[in-house]
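Listed here are the chains, written in short residue letters.
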Amino acid sequence: MGIEEFGGGQSGEADILVVTTNDVPGHRVERVIGEVFGLTVRSRHVGSQIGAGLKSLVGGELRGLTRTLVETRSQAMERLTEQARVRGANAVLAMRFDVTAGADVGTEVCAYGTAVVIVRE
């Protein structure tokens, strides 16, 4: 299992730039479209919960759960960029993740930010 399975972020071919900063060097915001978000809720697999419980007895990383969270965040990001695209943006500024555990049912992951149109200066 390589490190690429545990990372995230955009590919080089992305048509919507997503950044965690409030601006993009060398660009100016031409138009603010507004808040966009991508949301997903994932339930936990019973087998992974049992495995995680056993692993917690001896310590160490819960690799299956880590992989699931990476996949979940990636899906939330895909939905965020799709919302931005549909609304006419070419960038999302101040992107953040919000993660909430929901009453032992699953985990909600929301990627959110401000959809904008930026132009090179």
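See the structure above.
An account of the accompanying structure is given in this report. Keep in mind that this is a model prediction, so the values were computed, not measured.

1. With respect to the pattern of salt bridges
Applying the stated criterion across every chain yields a total of two salt bridges. With a closest N to O distance of 2.6 Å, R85 and D15 form a salt bridge. Remark: D15 occurs in the segment before β1 (17-18) and R85 occurs in helix α2 (residues 63-86); sequence separation between them is 70 residues. For E82, the salt bridge identified is with R85, shortest N-O distance 2.5 Å. Linking E82 with R85, this pair stays in helix α2, spanning three residues, or about one helical turn. Among the residues examined, E82 registers a relative accessible area of 37% and is labelled partly exposed.

2. A few points about the pairing of strand β3 (residues 91-102)
Sheet analysis places β1 next to β3, joined by two bridges and oriented parallel. When the bridges of β3 are listed, L17 appears paired with A91. One ladder, built from ten bridges, connects β3 with strand β4 (residues 106-120); its direction is antiparallel. In the sheet register, R96 faces β4, and the bridge partner there is Y112.

3. Topic: the sheet that holds β1
In sheet architecture, strand pairing relies on hydrogen bonds along the backbone and comes in two forms, parallel and antiparallel. Across the sheet, which stays open at both edges, the four strands sit in the order β1-β3-β4-β2 with mixed pairing between neighbours. Where the open sheet ends on each side, the last strands, each with one partner, are β1 and β2 (27-43). Where β2 lies against β4, 15 bridges are found, and the strand directions are antiparallel. Note on β4: the bridge partner recorded for V41 is E108. Strands in contact with α2 are β1, β2, β3 and β4; relative to β2, the strand with the most contacts, it is inclined by about 140°.

4. Topic: the nonpolar core
Membership of the largest hydrophobic core comes to 15 residues, with the highest contact counts inside it found for V18, L80, A84 and V92. Only β2, α2, β3 and β4 provide two or more residues apiece to this core. Beyond its immediate chain neighbours, meaning those up to four positions away, L80 contacts V18, V36, F37, G38, V92, M95, A111, Y112 and G113. Core analysis: the next-biggest nonpolar cluster, separate from the first, contains six residues, A91, L93, V116 and I118 among them.

Conventions and cut-offs
- Residues numbered from 1 in each chain as written.
- Predicted model: local features only at pLDDT ≥ 70, side-chain atom pairs only at ≥ 80, totals over all residues.
- Heavy atoms only, no water.
- Salt bridge = Lys/Arg side-chain N within 4 Å of Asp/Glu carboxyl O.
- Helix = DSSP H or I, 4+ residues; strand = E, 2+ residues; numbered from the N terminus.
- Buried < 20%, exposed > 50% of the residue type's maximum accessible area, 1.4 Å probe, protein only.
- Pairing = 2+ DSSP bridges.
- Contact = heavy atoms within 4.5 Å.
- Axes fitted to C-alpha atoms, helices over the stretch in contact; angles between N-to-C directions.
- Core = buried A, V, L, I, M, F, W, Y, C linked by side-chain atoms within 4.5 Å.

Note that every value here comes from positions in space, so none of it alone points to a role or purpose.
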